[in-house]
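Here's the letter readout for the chains.
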Amino acid sequence: DRVRNDYMICGDKNKRVIFWQIDEYLRLRTGKIMAYDPITGKRLKEDNLKIKNYNLKIQPLTWVHSELKKAEILEKDWQLTQCLFGLHLIRKYPEKPVFVVESEKTAVIMSILKPKYLWLATGGLSLLSWEKIWAIRDRQIRLFPDLGCFEKWKSKAEEIEQKIGVKMIVDDFVERYQHHYNLKQGDDLADIFKF
């Protein structure tokens, strides 16, 4: 309940999860709407829907702002500016070290398992940017890239440090323990705990 309330997680009528992007000023940016396999907890993709014979007539991944544009509730020329998932929690937890992962689901799971840290997510491998880090630049930041992505995030962290002067630790925990936990390319911290 704590985590659901903190991250304001909810679902839609098609049983997809909505991960809200709310910034440090509590402004709602958008929501990422994602479908998950109820048995494995893995994200459903178009390919999964065909392979597993799901009879869903929904997109497994879409955005609240896209749906609002389709419904003509939001103007067609409205532009999205993303922020880190969970960013609104920096004011609620000002003393917690900030740990950043790629996946929103992983941030949620890790916040249950390791609640002494504030878990945020970029929302995708290539979405780590100085614009997203700017709001947490004065915090202690540790990045946990997915397996196989360490070098990419390390390089990006160095670029961000040069651009805005923030020092981040890029943790290679997933890389170091990949064989111990039998991880495969793209797995992350949540996969270590078998979620």
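Our structure is the block above this text.
We now turn to the structure provided with this report. (Residues numbered from 1 in each chain as written. Predicted model: local features only at pLDDT ≥ 70, side-chain atom pairs only at ≥ 80, totals over all residues. Heavy atoms only, no water.)

1. Considerations on the overall build of the protein chain
For the protein chain, the count of helices and strands is eight helices and eight strands. In summary, the protein chain has a C-alpha radius of gyration of 17 Å against a globular reference of 16 Å for 195 residues, a match within 12%. C-alpha extents for the protein chain along the principal axes are approximately 45 × 40 × 30 Å. Split into buried and exposed, the 195 residues of the protein chain put 47% on the buried side. Considering only residue pairs separated by 6 or more positions, the protein chain has 58% of its internal contacts joining residues 24 or more positions apart. For the protein chain, the exposed area adds up to about 11,300 Å²; of that, 52% sits on carbon and sulfur atoms. Positive and negative side-chain charges in the protein chain, numbering 35 and 28 respectively, have mean positions lying 3 Å apart. (Helix = DSSP H or I, 4+ residues; strand = E, 2+ residues; numbered from the N terminus. Rg over C-alpha atoms; globule rule 2.2 N^0.38 Å. Buried < 20%, exposed > 50% of the residue type's maximum accessible area, 1.4 Å probe, protein only. Contact = heavy atoms within 4.5 Å. Areas by Shrake-Rupley, 256 points an atom, 1.4 Å probe, with all protein chains shown as cover. Lys, Arg positive; Asp, Glu negative; His and termini not counted. Charge placed at Lys NZ, Arg CZ, Asp CG, Glu CD.)

2. Considerations on helix α4 (residues 104–113)
Taking burial as the measure, the ten residues of α4 include eight buried ones, the bulk of the element. Considering only its buried residues, α4 is in contact with α1 (2–7), β2 (17–22), β3 (28–34), β5 (98–101), β6 (118–121) and α8 (189–192). The backbone nitrogen of K105 lies 3.1 Å from a side-chain oxygen of the residue at the head of α4, namely S103. (Polar contact = N/O pair within 3.5 Å; in protein donor to acceptor, adjacent residues only side chain to side chain.)

3. Description of the sheet that holds β5
Within a sheet, adjacent strands bond to each other through the backbone by hydrogen bonds, running parallel or antiparallel. The sheet built from four strands is open, its strands ordered β6-β5-β7-β8 with parallel pairing. Since the sheet does not close on itself, it has two edges, and those belong to β6 and β8 (168–170), each with one partner. Direction aside, neighbouring strands of the sheet carry axes that sit 25° apart on average. Pairing of strand β7 (residues 141–143) with β8 involves three bridges; the strand directions are parallel. Among the inter-strand pairings, L143 is bridged to a residue of β8, identified as V170. Its contacts with the sheet place α4 against β5 and β6, and it is angled at close to 170° to β6. In the packing of helix α6 (residues 150–164) onto the sheet, contacts are made with β5, β7 and β8, and the angle to β8 comes to roughly 170°. (Pairing = 2+ DSSP bridges. Axes fitted to C-alpha atoms, helices over the stretch in contact; angles between N-to-C directions.)

4. Focus: the packing of aromatic side chains
Applying the stated criterion across every chain yields a total of eleven aromatic pairs. For the pair F19 and Y36, a centre-to-centre distance of 6.4 Å together with 85° between the ring planes defines the contact as edge-to-face. Here the residue F19 occupies a position in strand β2, and Y36 occupies one in the loop between β3 and α2 (46–51), the gap between them amounting to 17 residues. In terms of burial, F19 and Y36 fall into one category: buried. Through pairs of rings, three or more aromatic residues link up here, namely Y7, F19, Y36 and F85. For the cation-ring pair, K96 lies above Y93, with the distance from its terminal atom to the ring centre recorded as 3.8 Å. A cation over a ring is seen here: R137 above W134, with NZ or CZ 3.9 Å from the ring centre. (Phe/Tyr/Trp six-rings, centres within 6.5 Å; stacked < 30°, edge-to-face > 60°. Lys NZ or Arg CZ within 6 Å of the ring centre and 35° of its normal.)

5. Things to note about the pattern of salt bridges
This structure, assessed with the given rule, holds 16 salt bridges. Each of R142, D171, D172 and R176 takes part in one network of salt bridges that share partners. (Salt bridge = Lys/Arg side-chain N within 4 Å of Asp/Glu carboxyl O.)

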